[in-house]
Amino acid sequence: MEQIIINGGSPLYGNVSIGGMKNAALPVICACVLNEEACVIDNIPPVSDIETLLEILSTMGASVRRLTKYSVEINCKNLVPCTSPMELANKLRGSSYLLGAEFGRFGKSSVSHPGGCSIGARPLDLHMKAFEALGADCTHRNGRLEVEAENGRPVGSSIYFDKVSVGATANAILASVLADGITTIDNAAREPHIVDLAVFLNACGAIITGAGTSVIKVKGVEKLHGCRYSIIPDMIEAGTYMAAVAATGGRVTVTNVIPKHLEAISSKLEEAGATVTVGDDFVTVESTGKLKGINIVTQPYPGFATDMQAQFGAMLCFAAGTSTITENIFNSRFQYTDELSKMGADIKVDGNHATIIGGAKLSGAPLMSHDLRGGAAMVIAALATEDTSVIEGIDKIERGYHNIVGKLRDLGANIQKKTSYTDEQIRVAFN
Ligand code: UD1
């Protein structure tokens with residue numbers, strides 16, 4: 001079992017460069033299924049969720065060629081629909097975007113109920129509602145969701161979501177790009193990754209307007225053409241390093257970001273007592289490590305992201321006074337607080353509310369990461385605690401953070417990754 005070992009208590013200083021956004025890259029990669037020509041996607045984060053999705057496409061008959069660690073050429077001309085392997089699709093939530101993409105191009109799709117982090121119920125009813133509006137029958141069969149157009153291909157329509165869903169909005173776009181006619185998506189998600197998907201598809205010849213607002217219009221086109229596209233920077237990776245430096249103290253410049261995407265995070269950090277200076281494509285966070293308690297409420301973009309809730313939860317353990325967190329998106333996203341309690345944190349969870357009495361001196365502990373962002377929260381707590389902590393379950397963290405150990409070490413953290421086998425033991429075992 002791999003472990004991250006942290007001797008915390010040192011402030012962080014320096015620059016950290018942010019990679020492409022995992023949650024934007026997943027739908028963009030799936031969007032290549034709509035295209036019979038090759039696309040080159042740049043600024044791909046080399047994290048395990050992306051590797052799994054690329055493996056799924058290869059298994060389905062797509063040509064997937066790595067150009068560099070961060071660039072991939074994808075040609076889905078020969079992809080066979082409804083053949084995604086369950087054991088791979090089960091590993092990540094992002095495989096659900098294959099539903100919209102396969103249905104959009106072939107008029108039918110079949111994907112196993114997608115996996116992902118254990119953060120609460122993640123139903124597909126809104127996705128199905130969108131497919132049905134476009135003329136599909138949806139059936140659950142043998143652990144897979146099957147979507148099939150009654151007329152052989154999707155037909156443009158009006159879709160209204162009674163709840164804002166990033167996944168369902170992306171799937172509605174994917175399903176309607178090649179549809180017959182115009183589709184209107186009302187109460188659409190406004191997340192930067194929805195905008196990125198629309199910009200990519202438009203670069204391939206789609207006609208999508210309104211992405212970034214709550215009404216998106218898609219005029220169906222006959223076919224798409226290849227293009228080269230660079231994924232937007234990961235606002236959650238950036239926000240994680242910002243919260244880390246606020247908790248430990250120090251001064252870190254987070255480069256290769258779109259500061260506009262970080263407004264909710266920056267404003268909450270400033271409210272807690274850190275200073276955030278904004279440049280064209282960077283932000284600098286400066287903190288004495290002496291923070292004060294604040295209240296956080298997660299909301300769809302441009303509100304405070306649910307994907308930053310756990311990292312702020314950890315940071316607020318070091319803030320004087322009382323903080324509250326209200327989690328409005330996922331119903332089981334406080335699992336990480338049990339681990340922080342093992343360090344001596346005073347956190348009480350009641351339903352979707354958490355109350356944190358900050359400022360107590362924490363001690364190091366063995367910690368288990370159950371999900372991606374919860375794992376990042378444990379890293380932050382360990383960095384800010386003057387003691388040694390050992391974090392397990394780091395495969396969860398590596399689903400979304402490329403080289404988190406190396407990046408933090410470059411900022412001065414005393415952090416290392418260990419496997420339970422030495423290099424010599426591995427060499428002997430494989431010879
Ligand atoms: C969510 C985040 C997104 C983040 C992603 C990865 C929001 C609004 N979305 O997106 O920013 O990148 O996690 O961690 O913060 N829901 C239904 N039925 C459905 C689909 C969703 O009821 O068919 C509900 C979910 O249970 C949840 C809410 O809608 O309560 C938002 O879910 P959704 O945006 O779809 O989740 P993700 O796409 O995973």
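What counts and what doesn't
Counting from 1, residues in each chain are numbered in the order their sequence is written. In view of the model being predicted, local features appear only for residues whose pLDDT reaches at least 70, and side-chain atom pairs are presented and counted only at 80 or more, with totals across whole chains, interfaces and linings using the full set of residues. Water and hydrogen atoms were dropped before computing side-chain values, which therefore reflect all heavy atoms in the structure. Each helix is a run of H or I in the DSSP string that is no shorter than four residues. Each strand is a run of E no shorter than two, and both are numbered from the N terminus. Think of a nonpolar core as a cluster: buried Ala, Val, Leu, Ile, Met, Phe, Trp, Tyr and Cys residues, connected wherever their side-chain atoms sit within 4.5 Å. Partly exposed describes any residue whose relative accessible area lies between the buried limit of under 20% and the exposed limit of over 50%, with all areas from a 1.4 Å probe on protein chains only and scaled to the type maximum. A single heavy atom is enough: if one lies within 4 Å of a molecule or strand, its residue is considered near that molecule or strand. Here the Shrake-Rupley method, with its probe set to 1.4 Å, supplies the accessible areas, and only the displayed protein chains count as covering residues. Where helices are involved, their axes are fitted lines through C-alpha atoms of the stretch in contact, as for all axes, and angles between N-to-C directions lie from 0 to 180°. For this classification, under 35 degrees means roughly parallel, over 145 means roughly antiparallel, 65 to 115 means roughly perpendicular, and everything else is oblique. By definition in these notes, contact holds between two residues if any of their heavy atoms fall within 4.5 Å. For this classification, the nonpolar set comprises Ala, Val, Leu, Ile, Met, Phe, Trp, Tyr, Cys and Pro, the charged set comprises Asp, Glu, Lys and Arg, and every other residue, Gly included, is treated as polar. For this document, the term salt bridge refers to a Lys or Arg side-chain nitrogen within 4 Å of an Asp or Glu carboxyl oxygen. Here a crossing is taken to be left-handed if its near helix is turned anticlockwise relative to the far helix by less than a right angle, and right-handed if that turn runs clockwise. Paired strands are those between which DSSP finds at least two bridges.

### Some words on unusual backbone geometry
Backbone geometry follows two general trends: most residues other than glycine have a negative phi, and most peptide bonds adopt the trans configuration. With an omega of 10°, the peptide bond running from Tyr-301 to Pro-302 counts as cis. As for its placement among the helices and strands, Pro-302 is situated in the loop between strand E18 (295-297) and helix H10 (309-316). A positive phi angle, close to 50°, is found at Asn-142, a residue other than glycine. Relative to the helices and strands, Asn-142 is located in the loop between strand E7 (136-141) and strand E8 (144-149).

### Some remarks on the nonpolar core
One finds Phe-200 and Leu-201 to be the most contacted residues of the largest nonpolar core, which totals 148 residues. Sort the elements by how many residues they give to this core and helix H8 (residues 235-248) lands first, with ten residues.

### Focus on the site of the ligand
Around the ligand sit 20 residues in total, of which Asp-125, Leu-126, Ser-165, Val-166 and Ile-329 are the nearest. Surface burial for the ligand is 90%, taken as the share of its 710 Å² of free accessible area covered by protein chains. Those elements giving two or more residues to the shell around the ligand turn out to be helix H5 (125-133) and helix H6 (166-176).

### Thoughts on the packing of H8 against helix H9 (residues 263-272)
Viewed as axis vectors pointing N to C, H8 and H9 meet at an angle of 10°, and their least axial separation amounts to 10 Å. It follows from the interaxial angle that H8 and H9 lie roughly parallel. Contacts from Met-235, Gly-239, Met-242, Ala-243 and Ala-246 in H8 reach Ile-265, Ser-266 and Leu-269 in H9. Here the contact of H8 with H9 is built from residues that sort into six nonpolar, two polar and no charged.

### Notes on the pattern of salt bridges
In this structure the tally under the stated criterion is 17 salt bridges. Between Glu-263 and Lys-260 there is a salt bridge, with the nearest N and O atoms lying 3.2 Å from each other. Taken together, the shared-partner salt bridges in this structure form one network comprising Glu-2, Glu-398 and Lys-417.

### A closer look at the packing of H10 against helix H12 (residues 372-383)
Running from N to C, H10 and H12 cross one another at 20°; their axes reach a closest spacing of 7 Å. By the criterion of interaxial angle, the relationship of H10 to H12 is roughly parallel. In this structure, the crossing between H10 and H12 has a hand that is right-handed. Residue-level contacts link Ala-310, Gln-311, Ala-314 and Met-315 of H10 to Arg-373, Gly-374, Ala-376, Ala-377, Ile-380 and Ala-381 of H12.

### Some words on the sheet that holds strand E13 (residues 228-230)
Taken together, four strands build an open sheet; the order of strands is E4-E5-E3-E13 and the sheet is mixed. What marks the edges here is a single partner per strand, and that holds for strand E4 (63-68) and E13. When the angles between neighbouring strand axes are averaged without regard to direction, this sheet yields 20°. Two elements, strand E3 (residues 39-42) and strand E5 (residues 71-75), share three bridges in a ladder whose sense is antiparallel. Within the sheet, the bridge partner assigned to Val-40 lies in E5 and is Glu-73. In this fold helix H7 (residues 192-203) packs onto E3 and E13, with an angle of close to 165° to the strand it touches most, E13.

### Examining H5
Here H5 has its buried residues at Leu-126, His-127, Met-128, Ala-130 and Phe-131. Taken from the residues just after H5, Gly-135 is the one with a positive phi, measuring 100°.

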